[in-house]
Amino acid sequence: MKKKVIGIIAAIVVVLGLSLVVYNQIIPNEYVPAADEIALHLQLDTEEDIGLLVYDYRADSHEYSGGISNADGSLIKHDSDNIVVLNKEELNNIADTFELSMQFRIITEYVAPNYENIYPDDITKYMEPISWEASFGESYFITITGDKTNGYKVALK
């Protein structure tokens, strides 16, 4: 009787383990962009949490600006992975492949986001711009490192 119960428990554990493996294969936890989207994975690897992450970008001949903040006013965690999705319609239906240039800046303290993306100079840290040939349907991985004392760096992986 005892062996039968142990055998049933072992079988349940195996079935649950296999179910988890199959689930992770069928439904990955990574965002997969649609054919008309670009996914930007913005990985923070900074020494401290930050207030806002602001980015100005150019796609084809159009200029845009955006940013990331926490709606509750808390700081963005220093080791967070943030996904930004750009779609073809937002980018004025440009070609499937195009030059994408981005300049990131970190606002070191939380301040309420504004549509102009203008923040005090003493808490704004700019990074060197990056550019690459982007294609819809693709994901791009960008890592931001550094700290507010020594500055921040951005790298396309």
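Quick caveat: nothing in here was measured; it's all calculated off a predicted structure.

Basis of the calculations
Residues numbered from 1 in each chain as written. Predicted model: local features only at pLDDT ≥ 70, side-chain atom pairs only at ≥ 80, totals over all residues. Heavy atoms only, no water. Helix = DSSP H or I, 4+ residues; strand = E, 2+ residues; numbered from the N terminus. Core = buried A, V, L, I, M, F, W, Y, C linked by side-chain atoms within 4.5 Å. Buried < 20%, exposed > 50% of the residue type's maximum accessible area, 1.4 Å probe, protein only. Pairing = 2+ DSSP bridges. Axes fitted to C-alpha atoms, helices over the stretch in contact; angles between N-to-C directions.

Caption draft 1: Broad picture of unusual backbone geometry. In this structure, Asp60 is a non-glycine residue whose phi angle is positive, near 60°. By secondary structure assignment, the location of Asp60 is in the loop between strand E2 (52–59) and strand E3 (62–68). Non-glycine residue Asn92 carries a positive phi angle of around 60°. With respect to the helices and strands, Asn92 occurs in the loop between strand E4 (81–87) and strand E5 (97–107).

Caption draft 2: Geometry of the nonpolar core. Counting 31 residues, the largest nonpolar core has Leu40 and Phe104 as its most contacted members. The next biggest cluster of nonpolar side chains, apart from the first, holds 5 residues, and it includes Leu52, Val54, Ile107 and Ile123.

Caption draft 3: The sheet that holds strand E9 (residues 151–156), seen in detail. Read across the sheet, 4 strands follow the order E4-E1-E8-E9 without closing on themselves; strand pairing throughout is mixed. The sheet is open, and its two borders are formed by E4 and E9, each paired with just one other strand. Strand-to-strand twist of the sheet, defined as the mean angle between neighbouring strand axes without regard to direction, takes the value 20°. Two elements, strand E1 (residues 37–46) and strand E8 (residues 138–147), share 9 bridges in a ladder whose sense is parallel. By the bridge assignment for E8, Asp45 is matched with Thr145.

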